[in-house]
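Given next are the chains, with one letter for each unit.
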Amino acid sequence: MALAAAAAGLKLSPFSLPPPPHTLRANPSGGVLAATAFLRRPRRCGCGAVVRCAKRTGKRRYPSEKKRLERRHKELLRQAAPEEGSEGRESGYWRLSKLAVPASEDPGKDFTGVSPPLLQAIAKAIKFPVASMLPEEAFTVIRKSFDARKVLKEPQFVYTVDIDVKKLLNMEPRTWDFIARLEPKLGVVEYMPDEKLAADLVSILNVHKKGSDDELGISGNINNGSIYPPRKPRVAVIGSGPAGLFASLVLGELGAEVTLLERGQPVEQRGRDIGALAVRRILQSESNFCFGEGGAGTWSDGKLVTRIGRNTDGVQAVLKTFVQFGAPANILVDGKPHLGTDKLVPLLQNFRRHLRQLGVTIRFNARVDDLIVEDGQVKGIVVSDSGLQPGSVDQKLSFDAVVLAVGHSARDTYSMLRQHNVDLSPKSFAVGLRIEHPQELINSIQYSELAAEVQKGRGRIPVADYKIVKSIGEGDSESDLDVAEQNRSCYSFCMCPGGQVVLTSTNPSELCINGMSFSRRASKWANSALVVTVSSHDFKPFQSHGPLAGVEFQREFERRAAIMGGGDFVVPAQCVTDFISNRLSVTVLPPSSYRLGVRPSKLHELFPPYITEALQQSIIMIDKEMPGFVSKEALLHGVETRTSSPLQISRHRETYESTSLRGLYPIGEGAGYAGGILSAAVDDMSNGCYNLQLAGISDAYYKVSRDI
């Protein structure tokens, strides 16, 4: 839903598949895969064309290029700030980053104001001699995170703070000499002529609509701030996860006639269905941990972290929209914000209420079984009541456009799209196992003597977590395919401190799991998936399924896990020490948070050797960095397969419309363009505007969507 807020640089480009196996070589500096283009000099091929090296980016840049970029950034910072001592420095804002406050002196994780220790850090940054003279009202905390790396003398809270220069000088004129001499420094000190304040999406849309009305001379025909042209576009949004919700919000705010269709239940009934699964082992195929209002992230940790840029306008607009609908305000400041299932449920209820006030029609138990296609364009959808028995009467509905915002578990939808010859392509994802430790053990490993301050999420220090990325596999190989199999990324995924392991199966014959946490993260367990990347060359045994080969790859190991568990959703499990040693856990397994039971199993025989060995090697490497990670108390659960979508639905980069079917707009995680709540929401927001523009609407719609 690529937030309308996010204007110009927020459109996410499609994820690209990795190069074919034959183009990969082992990197001499480590086990990370590197394309041979990075290692070879430009040369000419037989046809005379020049083969050029790919441009190095990020950490792969040459040292000389890094220095040039650093000098350029410093120069840009100097140009942005007024000259030292000039009158221009009497206003505006300075952003100070990397302000460290020792954890022993900070008020704690839940305090987001300006404390005396933080004033001391600010005074040190601007070289002001007396911290107690600085007025707290002149400073605003933008970000607060916790840093407990072992390289530090002691754990610390790290702040980003904005200084309101005019307010500071009015309240303490003696700070002028220090502000006048303040020098911009890359990543530490930055001048801003105006305060960076992102608004929530609803406010942004209302401002743009009003400005568009005035510019276009539109008067009347306005109801509750929405524009009503002679004919409102009729848009179907399929799926009520983050993508579908924000797409519906954008479209509804701009005045389209929106119908939001969700195959599962609203959160109230969905919660009861999940309770029945946990207590009575009754799996509702359309209302479970994957399907239902809010999507798969609702019964998860509710993480609000993203790799698309925390400070971008789009991400900030999403976060502020969440706050508007009931999320705690500290998610705007927390360095690792999360909501938890208990906070997400009332937020979704408020979101639903607002959509209905906009006139959005919301239908639950509405599974979209087919598309109505005429002359290469979507004209409507075929909907069935997922709560009824098979054979019930289907309903055909006509729409101008269809936004496809399904999740990564909508496998029947993928099959339906393939029947319509929609362009689909396999995408890399990751599979593995979920490891669980006592939370107190992880606290002790990460915090040492400070672990006592956690107090089950109620203390001054956040519950300890970890994030791990390892590159596995080095050495000689006889073929390029061997190199591709030897070199794998293994990483932690969806780490849930103070959480529990839950069942995410959508079919009784398949078994897959995930982790979840409540907002306080007060459980006595910590769990995280340890997963290994897999890509299209790993799916060759399933190539008869075409672009759905990755889906069948997932199913294969979910079925194996179900057989290993013995049925009734019992999960196969193994002590981590036994997994490394390739032996069955014959003693009593350590306690598990998984409520449907665990069974001692040979998880080292579940996956192909290249995945198992990558997991084993990475666990050993992790234990060297986190002594105690390999422990008799650590338990592995199988299997984790749905880390992201196994395919991508091709779409035009500028319009988000399907490349093969006009009127279809694939967005979000299920389409292969996002990897979490925030990125899915941002992807949806952009699409909402494009959808309006392309549905054959008036100039008013075009102007609003273009501006946003």
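Residues numbered from 1 in each chain as written. Predicted model: local features only at pLDDT ≥ 70, side-chain atom pairs only at ≥ 80, totals over all residues. Heavy atoms only, no water.

K.L.:
Can you lay out the state of the cysteines for me, pointing to particular residues and giving the numbers?
P.N.:
Evaluation of the coordinates by the stated rule reveals zero disulfides. Sulfur of Cys494: no disulfide; nearest cysteine sulfur belongs to Cys496 and is 3.9 Å away. Given the relative accessible area of 15%, Cys494 is considered buried. (Disulfide = S-S within 2.5 Å. Buried < 20%, exposed > 50% of the residue type's maximum accessible area, 1.4 Å probe, protein only.)

K.L.:
An account of the sheet that holds strand E12 (residues 257-261) is requested, with residue identities and associated values reported.
P.N.:
In a beta sheet, neighbouring strands pair by backbone hydrogen bonds and run either parallel or antiparallel. A sheet is described by the order of its strands in space; here five strands give the open sequence E13-E12-E11-E17-E29, paired in parallel fashion. With partners counted over all chains shown, the strands left at the sheet margins are strand E13 (361-363) and strand E29 (664-666), one partner each. Ignoring strand direction, the axes of neighbouring strands in this sheet form an average angle of 15°. Inspection of the sheet shows strand E11 (residues 234-238) paired to E12 by five bridges, in the parallel sense. Of the residues in E12, the one forming a bridge with Ile238 is Leu261. (Pairing = 2+ DSSP bridges. Helix = DSSP H or I, 4+ residues; strand = E, 2+ residues; numbered from the N terminus. Axes fitted to C-alpha atoms, helices over the stretch in contact; angles between N-to-C directions.)

K.L.:
Pulling in residues and values, what's your account of the layout of surface pockets?
P.N.:
By volume, the second largest pocket amounts to about 770 Å³. Going through the elements one at a time, strand E5 (93-102), strand E6 (139-147), strand E7 (156-164), strand E8 (189-192) and helix H8 (313-324) are the ones with two or more residues in the lining of the second largest pocket. Sorting elements by how many residues they give to the lining of the second largest pocket places E6 first, with five residues. Split into classes, the residues belonging to the lining of the second largest pocket amount to 11 nonpolar, seven polar and 10 charged. (1 Å grid on protein atoms, 1.4 Å probe; cavity = no way out; pocket = protein on both sides within 12 Å on 5 of 7 lines; lining within 4 Å. Points joined across faces, edges and corners; volume = space filled by probe spheres on them. Nonpolar A, V, L, I, M, F, W, Y, C, P; charged D, E, K, R; others polar.)

K.L.:
Which residues make up the environment of Val188, and what values go with them?
P.N.:
On the secondary structure map, Val188 appears in the loop between helix H4 (176-180) and E8. What makes Val188 partly exposed here is its relative accessible area of 25%. Separated by 28 residues in sequence, Val188 and Thr160 have C-alpha atoms that sit 8.9 Å apart. Once you skip the residues sitting within four places of it in the chain, Val188 turns out to touch Arg95, Leu96, Ser97 and Lys98. (Contact = heavy atoms within 4.5 Å.)

K.L.:
Please give an account of the pattern of salt bridges that cites residues and values.
P.N.:
Counted under the stated rule, the structure contains 29 salt bridges. Two residues, Glu286 and Arg263, come together in a salt bridge whose shortest N-O distance is 2.6 Å. Remark: Arg263 occurs in the loop between E12 and helix H7 (267-280) and Glu286 occurs in the loop between H7 and H8; sequence separation between them is 23 residues. There is no split in this pair, since Glu286 and Arg263 are both buried. A salt bridge links Arg411 to Glu510; its shortest N-O distance comes to 3.3 Å. Placement of the pair is Arg411 in helix H10 (residues 411-419) and Glu510 in the loop between strand E22 (499-503) and strand E23 (513-517), with a sequence separation of 99 residues. We note that Arg411, like Glu510, is buried. A single salt-bridge network, built from bridges that share partners, covers Arg411, Glu510, Glu552, Arg555, Glu558, Arg559 and Arg642. (Salt bridge = Lys/Arg side-chain N within 4 Å of Asp/Glu carboxyl O.)

K.L.:
Just give me the short version of the sheet that holds strand E26 (residues 598-600), but keep the residues and values in it.
P.N.:
Read from one edge of the open sheet, seven strands run E20-E21-E24-E19-E27-E25-E26, paired in mixed fashion. In the strand order of this sheet, the two ends are held by strand E20 (469-472) and E26, each with one partner. Across the sheet, the mean angle separating the axes of adjacent strands is 30° when strand polarity is ignored. Note that strand E19 (residues 429-438) and strand E27 (residues 635-640) share four bridges and pair antiparallel. Paired with Gly432 across the two strands is Glu640, which belongs to E27. The sheet strands contacting helix H11 (residues 439-447) are E19 and strand E24 (525-534), and the helix crosses E19 at an angle near 95°.

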